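Notes for the structure review
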Amino acid sequence: MLNREKMLALQRDIAIELGASSNLETAFHSLSKHILSLEDIDVTAIYLRSKNEGSNLIAYGGDVPEDILKNIQHYPADSLQAKIVEEGKIRYMPPEEIAGTLQDKQYFKEMKTIGIIPIKKEDGEVIASFVVFSFTQEGIAEDTKIVLESIASQIGNLILRLSSENTLKKSESKFKNYINNAPDGIFVADENGNYIEVNTAACETTGYSQEELLSMNLIYLIPPEDHEKVTEAFRTVVKKGFVDAEFHFIKKDGSRRWWRVTSTKLSDTRYLGFTKDTTESKLMEEELIESKLFLNSIIESINDGVSILDADLNIIRVNNTMNKWFARNTPLEGKKCYEAYHDRDSPCKTCPIMRCMETGETERNIVQGLPDSEAQWFELLGYPLKDPTTGEITGVVEFVNDITDHKLAEEELAEARLHAREVSKTNSELKVNLSRELRTPLGNIIGFSQIFQNDIYGKLNPKQQKHIQGIQKSAEQLMGLIDDILEISDVEAGKMELNIEMVSIPGLLNEILKFLKPFAEDRNVEITTDIPEYLPEISVDKVKIKQAIYNLIINAIHFTPEGRDVHISMEYSSYDLRFEVNDSGIGISPSHLEELFRPFKEIYSESGMKPHDSILSLSLAKEYIELHGGEIEVESEPGAGNSYIFTIPIQPI
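This section reports on the structure supplied with the text. (Residues numbered from 1 in each chain as written. Predicted model: local features only at pLDDT ≥ 70, side-chain atom pairs only at ≥ 80, totals over all residues. Heavy atoms only, no water.)

Turning to the packing of aromatic side chains, a few remarks are in order. Two aromatic rings, taken as a pair, are described by how far apart their centres are and by the angle between their planes. A complete count under the given rule lists 14 aromatic pairs for this structure. Summarising the aromatic geometry, the rings of Tyr47 and Tyr75 are spaced 5.5 Å apart at their centres and angled 35 degrees between planes, so their arrangement reads as tilted. You can see Tyr47 sitting in strand E1 (residues 43–50) and its partner Tyr75 sitting in strand E3 (residues 74–75), a full 28 residues away along the chain. Residue class for Tyr47 comes out buried when judged on its relative accessible area of 4%. (Phe/Tyr/Trp six-rings, centres within 6.5 Å; stacked < 30°, edge-to-face > 60°. Helix = DSSP H or I, 4+ residues; strand = E, 2+ residues; numbered from the N terminus. Buried < 20%, exposed > 50% of the residue type's maximum accessible area, 1.4 Å probe, protein only.)

If you want it as structure tokens, here you go:
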């Protein structure tokens, strides 16, 4: 048995030995000599436990045969030995209870006691086991067991300490590895702002070496005008534990850059700062601000209204003109366009902006303003905004023009036209009555002329035949004039109806040119054309449009001197068809241009020449074109001839 003094001395020596150790295996080998000094202990071993893999021998002391040692290196998780350890209870037992297949070995036959002392963490988890063999006949004494259990506790403390130190070292290693490989600059400063650690990125960002930076205070890299700002930021991180700031720094080469610094307090003497060079983004930000200011100045300098919408019809930018027109619903930005501009809770059915986003094309429409606004009518042009990379439509720019005065003028003009039509209707009725009264005697004259020419009442001499032909031709011309008068009268009286059908205008033109080609050749006039390869069919009254085109072309042939040419061209857009006829005469007198399309006005060229059939042909052409909702105009330059231009909408009005 151990006396008390020897037991205390042994425990003290073991505690000193373990307290100074930094390696479990080395410590246990050194510890073994103390344990084996106990009379009733012959072999000692330490096993580390793994939850899923059982227990592994780490170190042992004492005499163990080679064949036995080989079999006790590892105990699987399902072995009896491992299960005893897992129970967490101290066991002293005869070897035959756990020896298993080894109990027939002479070594185990001579052994008297096996002691297994589990080593636990504070939460009760078994992390290791302390094992002893005793060959003493009396077994292990109670005093020895007290010492063994004390040693097991100290071994447990050592395992936990070494595990904690190892974890800390790994953590520190990971931290240092992260710092050294981080893409952004990392600085560690003390309480005075002196750098005590920096990473590679910090050196690359500043241009200084690690040795140079570690000899600096953080203020050394900052230009004088930012000193106060940086000092205040450092005070903030000391006081509050965190700061996020942006300021200039100066590289070793003297260049000035921007830094974004996020700093946190590690301790009262350690402060960690993450830095990112934001110079490029700052420059881009400044350029963006300049671009926005420039764009704003452009938008505000436009007298018309400007409204920028996103793909969901949300207003994201307007100019002051729009705010003025729709002051009742300001602020406009952030609202749906139909809410702000039309007091609606859903998009308009004929919304040109939605069409613009669907087609990707410019769209135009006339829309009404708010009821109580001075601006009552607007012309709206929508231009799609496209992503330059994908081509996706991301929004629309609206240009809005106040056409209220124009619309009011149109209404006044429409009233004036209505009044004029009423007057014209009265005149037309008079013309119709007169024309009808003339048609009967003219028909008789033409009929009797044909009878005389056919020698029914006797053969005429050449002179008589010539005069009779003159009478018939004059009567026929007068009959044609009366027919034109009746046509114009029907239009002016509102009796003319359009027989709409799908018509190919190029095909119609070909029919007219075939008919007029002999007439042009007789006058030595060449007809040239400039027609697109493809023009779709449009909805018109074929007879009336054909007559209008015929009248314009034959009028141009009349005005064109011999040896010159008449040029015809067409253009097509999503809105209308444009038709132009150019003669190469010497032009119409400017004083006559305004009366060019008035019935019964004889129009003269600059040379005083009056074209044949000019009295009604142009008037009738104008009436037919306007019946289709179109417009016609004439341009004339001295020496350059005349250009007759008409446009008709694709869909008839």
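Positionally, Asn582 belongs in strand E21 (residues 576–582). At 3.0 Å, the side chain of Asn582 forms a polar contact with the side chain of Glu580. Reaching out from Asn582, the side chain makes a polar contact with the side chain of Ser643 at a distance of 2.3 Å. With residues up to four places along the chain from it excluded, the contact list for Asn582 reads Asp565, Val566, His567, Asn642 and Ser643. (Polar contact = N/O pair within 3.5 Å; in protein donor to acceptor, adjacent residues only side chain to side chain. Contact = heavy atoms within 4.5 Å.)

Glancing now at helix H16 (residues 505–522). Over its 18 residues, H16 runs 26 Å from end to end, which matches the ideal 26 Å to within 8%, given 1.5 Å per residue. Of all the bends in H16, the largest measures some 45 degrees and sits at Leu516, one to four residues before the proline Pro518. Listing the buried residues of H16 in full gives Ile505, Pro506, Leu508, Leu509, Ile512, Leu513, Leu516 and Ala520. Lining the buried residues of H16 we find strand E17 (500–503), strand E18 (526–530), strand E19 (538–541), helix H17 (542–559), strand E20 (565–572) and E21. Trailing H16 by a residue or two, Asn524 shows a phi angle of about 60 degrees, which is positive. (Expected span 1.5 Å × (residues − 1). Bend = angle between axes of the 7 residues up to and from the residue.)

Throughout the structure, instances matching the rule amount to 2 cavities of 30 Å³ or more. There is about 280 Å³ of room inside the largest cavity. For the lining of the largest cavity, the secondary structure elements donating two or more residues are strand E7 (185–189), helix H9 (227–240), strand E9 (242–250), strand E10 (256–267) and strand E11 (270–277). Element by element, the count of residues in the lining of the largest cavity is highest for E11, at 4 residues. Of the residues in the lining of the largest cavity, the class split is 15 nonpolar, 3 polar and no charged. Space inside the second largest cavity adds up to approximately 80 Å³. The wall of the second largest cavity is formed by Met322, Phe326, Tyr341, His342, Val367, Gln368, Gly369, Phe378, Leu380, Glu398 and Val400. (1 Å grid on protein atoms, 1.4 Å probe; cavity = no way out; pocket = protein on both sides within 12 Å on 5 of 7 lines; lining within 4 Å. Points joined across faces, edges and corners; volume = space filled by probe spheres on them. Nonpolar A, V, L, I, M, F, W, Y, C, P; charged D, E, K, R; others polar.)

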